[in-house]
Amino acid sequence: MAVTRHHAYLAAEPAATAADSAVLSNAWLLIALPLVGAAILLLGGRRTNAWGPLLATVLPVVSFVWAVLALFDLLGRGADARSVSVPVYEWFAVGDFSARINLLVDPLSITFVLLITFVGSLIHVYSLGYMAQDPGKRRFFAYLNLFVAAMLVLVLADNFVLLFLGWEGVGLASYLLIGFWQDKPTAATAAKKAFLINRVGDMGLLVAIMIMFTAFGAVGFSDVFAAVPGAHDGVLLAIGLLLLLGACGKSAQLPLQAWLLDAMEGPTPVSALIHAATMVTAGVYLIVRAGPIFEASPAAQLTVMIVGAATMLAGGIIASAKDDIKKSLAGSTMSQIGMMVLAAGLGPIGYAAAIAHLVTHGFFKAGLFLGAGSVMHAMNDDVNMRRYGGLASKMPITFATFGLGYLAIIGVPLLSGWWTKESIISATFGLGGNVGLVFGSLVVLGAALTAFYMSRMVFMTFLGEKRWDEGAHPHESPVSMTAPMVVLSLGSIALGGFLVAGDRFAAFLQPVTGAELPHFTVGHAFTSPYGIAALAVLVLGVVAAWAIYLRKPVERTAPKGNLVTNAARNELYGNEINEDLFMRPGQVLTKALVVIEDKVIDGAVNGIGAGVRDSSTGLGRTQTGFARTYALTMLIGAVIVAATLAVRF
Amino acid sequence: MNALYVADGAPPSLPGITEAAPTLDWWLLAPVLVVFGAGVLAVLFEAFLPKKALRPVQITVAAVALLVTFVMIVLQVEAVGDGVVVAGGVLAMDRVVLFLQGTITVLALISLMLIAERRDGRDAFSAQAATVPGSEEERRHILAGSQHTEVYPLVLFAVLGMLLFPAANDFLTMFIALEVMSLPLYLLCGLARRRRLFSQEAAVKYFLLGAFSSAFFLFGIALVYGYAGSVNFTAIRQAVDSGGAAIFADGNGEPLLIMGIGLVAIGLLFKVGAVPFHNWKPDVYQGAPTPITALMASCTLVAAFGALLRVFFVPFGGSLEIWEPMLWAVAILTMVAAAVIAVTQRDIKRLLAYSSVVHAGFILTAVIASSADGLAGAMFYLAAYGFTTLGAFAIVTLVRTRDGGQELGDLEGWAGLGRRAPGLALALSLFLLAFAGIPLTSGFIGKFAVFEAAVAAGATPLVVVGVLSSAVTAFFYIRIIVVMFFRESEGEGPTVARAGALTGGVITVGVAATLALGIFPGPVLDSLLPDAEAGQEPAAVMVHQVTEE
């Protein structure tokens, strides 16, 4: 009888070096601290109202400090020894099977840990001010902590199953926080929508994991990647596309993008942390982490690039037409993540560029969202940019920090966004051939859109004439809100240069990506054709926005738009497409399934149940209560024993 | 490691009638002797101490004896090393035996807490067992507050048998241990305070059927002796490997061996309660005083399986191909029939009895695996199940028809327990989930360990049956949870007796062990058979030399 043994399927075989320092061997604390915070706040109830939010703010800060120590620990090792396996818990080991949880601390995961804990900490601080008057403040902070813990599980997992656990955890936290003001029907609906659309993506990831387990007998990163070279092309393509489906759901990429704009119903700090800086970038992380699978399947890689490019353009178009400041920013997020996904689809040359852009984007986009929150705070929670205007003088700090984020995201030379966007552009063109030309041009087009919609946003919000509602008294936000914005704007200025200049970040990630260093130089970025093109479209975008939104007064109600504008305002009819293509057929299918469930499945289940019950009653009759019957049964048993002893296998 | 054979291959000198008295390793015999001595002492106390002082003295003697025994067993783990045989080769002492003995002692100690528990000055036992149920004389004894403190020496003797049963290194010792274990239990089963006729009926049935099975067992021993020329386990193993005793030079003695294996197996399968030798279990479990049921469900099962493992792995370890089909049939029958019958049970004690039968079926898969891994899995399973089942029966003693009334067996009456006694209902839910094998309980790890071993040994179909059977059992375990939490009680609903310190302690230990062995099973799993290698024959980790070195 053939028996296959699945060796240690819950954990990767530690190809990584073992954790030998106190900082790394206790890396589980990174996750445990915010998790404990969430537990204390949720279980402690009202007793923790007074100090709970403060505790919840301190814990991610401690995690961040720990992550910095871990980073220096890693930097103190040779480049080859920077992938460290941290055993956390061995549940049990039976025979040659063991169930255990290991974390993987390597350059890629520590990058994310630093981003999550740093931006997360800032947003906790910001929320102290933003949510000061909210009755559900404690619950809010508990969910934020829960999110940070789950996101850290996602990036620190050393196998796909644990990654999936974190994946679902961030989905849950996202659901709870989008619907945080659940008494608002729009918020409740948006939360449900995000949850449902994410289920589609999650199923993709889940099925991908199942295929890995079936095909390779493993789900650990190193085990799976070791099995890739010998795997069938079809299997790899299937896994790659399903992973991409998972990434699309979480990162709001086409065709699963529809939830992100509605998700802006959540409190603004949530939009900044979850729906701009961290969770929505999990898809990019997944694609980069699963790089060896995509690299072995060019078809899957091309699909990734197409999805990324399409989303980049769609997001930019939507962002250009939305008057709701947060929704416009959400469109921008879609677009930027699309750019990262495209870069991640390039293979090893794109990984470092994608992740570097992800990190700088995390800073400036979080800063932009916090700035938007600050503006909303000042304008009685009005989100319509057509009723803003001329806020620069009333809110100087917000204007300055938002302005820096704006300059960074549109790629003004030497600010953060320029470095990372140039990296992506040069990596895309560097692919060579028509493919490189087509996608490279698309990225430049995306950059033009970015310049347009971001300029539009700044012009409509901070410059021009006042279009405020009566009774609006805009004012600068408290220091707990402005301080995080200031810190993030520093990142918008300098982080990109720090990461990209001298290939610092690419070299750091090299043990994971295995890519050659891109040799990024400032001179080349200014003199290469595509560098010049990027600068040209930047100017073009800004000028176009100036012509439409600053030179002429902006109307307080949206003017009648043309076909393209209307489509963009309606999110390119994504919702309608979803409803017609999936929702209505889905509803019909559901009705049909209910009938099948009632008649066929329940019938079968009940039939089995009744069968067991009847046999139970029948067999129970042998229990007569008479010792003589029992002795007879034993004698029959003896006959059975005798009969089976005569049998030989 | 233990040598299977004496090095030079010469026939071993069997322990027969010899001139010189065998040397005795008193230290290794001490645990058994302490329990035996305490039992004898308790009988003397029963005769000479004043009635009033008896109860506290007897409880103290029993508890101290069991405690001392446990400590000694723990201390001996180092001393036995890879295992030794003692007392002229009649007892084997190795890690497996010590683990089982230690488990039995602890479980017996916990059972003792239930046995000693009293409510309103009354324990679970008849005031005067010799009186006719319902008679004037019985009432006089009840009013006078009479009690049977003989329970305690009886328990000690039963435990003595249980300690010897898995340690026996030859069939005669094993048979004696079996009887020493069983005879006190027959008596104890008939001592219930309430529903006495029912209890006595159970005792008589248990005795009759027990005697019947002993006859099979003994006849089997005789046949095996005829085949091998010895009752010693190693000698039998050697004889099997060399085609029988010298008189069967042409190997034509095998029918004797086959019949012997079958009859011995029947005796052991009766004790573990495998189908179709299980009929006694529901009746006896239901009729016996619940603390005694708890003792049998935990300790007796461990002892019986300990003996069964040793018999199938050591003397019959070389005859795998003979008994494997038989155990397949019995295991499948046990897992399927008991699970199915349990579905329609309405009485909690009968349900737990059938549950115990199903669990016996699961453990049998580890026997069939016939590997060191399977042996370790079975050991873990037995300990885990013992703690959980003790906790479950402790709860059974608390749920009553009315204040001071008798135990409420009918599960329909348990509706609303979740509201009335949420802590108790939660604890029972945990035990039931552990029985069902839900992860993060000890039951899951145990089940996983035995099934894993069975799969590794190529018995996958058996595991498929086991998993399906688990699904059926999950139905009736979870139904109890549903009844407790989600059904409104009709009328007054169950009354929950206040848990005394002793019963409360038993439940607490049960919960703690069920969770600890479910969440952190590593240390226990790792220490069971630290020297075992994957795919090793189980006999390699069980001592079976013929004589002391």
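A quick note: this is a predicted structure, and the numbers were derived from the prediction, not measured.

### Some details on the overall build of chain A
Point 1. Secondary structure summary: chain A contains 26 helices and three strands in total.
Point 2. Expected size for 649 residues packed as a compact globule is a radius of gyration near 26 Å; at 28 Å, chain A falls within 12% of this value.
Point 3. When the backbone C-alpha atoms are referred to their principal axes, chain A occupies close to 105 × 55 × 50 Å.
Point 4. Buried positions account for 53% of the 649 residues belonging to chain A.
Point 5. Of the contacts made within chain A by residues no fewer than 6 positions apart, 81% connect residues no fewer than 24 positions apart.

### Considerations on unusual backbone geometry
Point 1. Omega for the bond connecting Leu254(A) with Pro255(A) falls within 30 degrees of zero, at 0 degrees, which places this linkage in the cis form.
Point 2. The topology assignment puts Pro255(A) in the loop between helix H9 (233-251) and helix H10 (258-262).
Point 3. In this chain, Val275(B) is followed by Pro276(B) through a cis amide linkage whose omega measures 5 degrees.
Point 4. If you trace the backbone, Pro276(B) turns up in the loop between helix H9 (254-272) and helix H10 (280-287).
Point 5. Its identity as a non-glycine residue notwithstanding, Ala87(B) has a phi of 55 degrees, on the positive side.
Point 6. The topology assignment puts Ala87(B) in the loop between strand S1 (84-86) and strand S2 (91-93).

### Comments concerning the interface of chain A and chain B
Point 1. Listed as interface residues are 34 residues of chain A and, on the opposing side, 44 residues of chain B.
Point 2. Those elements giving two or more residues to the side of chain A that touches chain B turn out to be strand S2 (84-94), helix H25 (574-620) and helix H26 (627-645) of chain A.
Point 3. In terms of residues, the side of chain A that touches chain B owes the most to one element, H26(A), which gives 13 residues.
Point 4. Of the residues belonging to the side of chain A that touches chain B, the class tally is 20 nonpolar, 10 polar and four charged.

### A look at the nonpolar core
Point 1. Judged by nonpolar contacts, the single largest core of 227 residues is most densely connected at Val155(B), Leu156(B), Val159(B), Phe165(B), Ala378(B), Met379(B) and Ala454(B).
Point 2. Here this core takes 18 residues from helix H14 (residues 372-396) of chain B, the largest share from any one element.
Point 3. Apart from residues no more than four positions distant in its own chain, Met379(B) is found in contact with Val96(B), Phe99(B), Leu100(B) and Leu528(B).
Point 4. Grouped together as the second largest cluster of nonpolar side chains are 211 residues, Ala157(A), Val270(A), Ile410(A) and Leu499(A) included.

### Things to note about the packing of H26(A) against helix H7 (residues 196-228) of chain B
Point 1. For the pair H26(A) and H7(B), interaxial distance at closest approach is 10 Å and the crossing angle is 25 degrees. Taken together, the axis directions place H26(A) and H7(B) in an arrangement best described as roughly parallel. Note on packing geometry: the crossing formed by H26(A) with H7(B) is right-handed. In this structure, H26(A) uses Ala627(A), Tyr630(A), Ala631(A), Met634(A) and Ala638(A) to contact H7(B), whose residues at the interface are Lys205(B), Leu208(B), Leu209(B), Phe212(B), Ser213(B) and Phe216(B).
Point 2. Looking at side-chain class alone, the contact of H26(A) with H7(B) contains nine nonpolar, one polar and one charged residues.

### Quick notes on the domain arrangement of chain A
Point 1. When cut into domains, chain A gives domain 1 (17-468 + 480-559) and domain 2 (578-645).
Point 2. Computed from C-alpha coordinates alone, the two centres of domain 1 of chain A and domain 2 of chain A are separated by 50 Å.

### Quick notes on the packing of helix H15 (residues 325-345) of chain A against helix H18 (residues 416-430) of chain A
All names here are of chain A.
Point 1. Viewed as axis vectors pointing N to C, H15 and H18 meet at an angle of 40 degrees, and their least axial separation amounts to 10 Å. With respect to H18, the element H15 is oriented oblique. Between H15 and H18 the crossing geometry is left-handed. Facing H15, whose interface residues are Met339, Leu342 and Ala343, H18 presents Ile424, Ala427 and Thr428.
Point 2. Residue composition of the contact of H15 with H18, by class: five nonpolar, one polar and no charged.

### What to know about helix H8 (residues 233-241) of chain B
Residues and elements named next belong to chain B.
Point 1. In terms of burial, H8 is largely enclosed, as eight of its nine residues are buried.
Point 2. Listed as buried for H8 are Phe233, Thr234, Ala235, Ile236, Arg237, Gln238, Ala239 and Val240.
Point 3. Tucked inside the fold, the buried residues of H8 contact H7 and H9.
Point 4. Looking one or two residues beyond H8, the residue adopting positive phi is Gly243, at roughly 80 degrees.

### Topic: H18(A)
All names here are of chain A.
Point 1. For H18, which comprises 15 residues, the first-to-last C-alpha distance of 21 Å matches the rise-based estimate of 21 Å (1.5 Å per residue) to within 8%.
Point 2. For H18, the tally of buried residues reaches 14 of 15 residues, placing the bulk of the element in the interior.
Point 3. Where H18 terminates, the next one or two residues include Gly432, which has phi positive at roughly 80 degrees.

### Overview of the environment of Leu178(B)
Residues and elements named next belong to chain B.
Point 1. Residue position: Leu178 is located in helix H6 (residues 171-189).
Point 2. Residue Leu178 is classed as buried on the basis of its C-beta count, with 26 C-beta atoms lying within 10 Å.
Point 3. When the C-alpha atoms of Leu178 and Ala459 are compared, they prove to be 30 Å apart, with 281 residues separating the residues in sequence.
Point 4. Other than its neighbours up to four places away in sequence, Leu178 contacts Gly161, Phe165, Ser214 and Phe217.

### Description of the environment of Tyr143(A)
Residue and element names in this part refer to chain A.
Point 1. Among the secondary structure elements, Tyr143 is positioned in helix H5 (residues 137-156).
Point 2. Using a count of 25 C-beta atoms within 10 Å as the deciding quantity, one classes Tyr143 as buried.
Point 3. Each C-alpha atom of the pair Tyr143 and Val170 lies 9.9 Å from the other, and the pair is 27 residues apart in sequence.
Point 4. Among all residues touching Tyr143, those that are not within four sequence positions of it are Ala173, Leu176 and Leu177.

### A closer look at the environment of Thr333(A)
Residue and element names in this part refer to chain A.
Point 1. Positionally, Thr333 belongs in helix H15.
Point 2. Thr333 gets classed as buried once you count the C-beta atoms within 10 Å, which come to 28.
Point 3. Along the sequence, Thr333 and Asp158 sit 175 residues apart, while their C-alpha atoms lie 28 Å from each other.
Point 4. Setting aside chain neighbours within four positions, we find Thr333 in contact with Leu260, His275, Ala276, Val280 and Lys365.

Rules used in this analysis
- Residues numbered from 1 in each chain as written.
- Chains lettered and ligands numbered in written order.
- Predicted model: local features only at pLDDT ≥ 70, side-chain atom pairs only at ≥ 80, totals over all residues.
- Helix = DSSP H or I, 4+ residues; strand = E, 2+ residues; numbered from the N terminus.
- Rg over C-alpha atoms; globule rule 2.2 N^0.38 Å.
- Buried ≥ 20, exposed ≤ 12 C-beta atoms within 10 Å, placed from the backbone.
- Contact = placed C-beta atoms within 7 Å.
- Nonpolar A, V, L, I, M, F, W, Y, C, P; charged D, E, K, R; others polar.
- Core = buried A, V, L, I, M, F, W, Y, C linked by C-beta atoms within 7 Å.
- Axes fitted to C-alpha atoms, helices over the stretch in contact; angles between N-to-C directions.
- Parallel < 35°, antiparallel > 145°, perpendicular 65-115°, else oblique.
- Left-handed = near helix turned anticlockwise from the far one by under 90°.
- Domains from an automatic or database assignment.
- Expected span 1.5 Å × (residues − 1).

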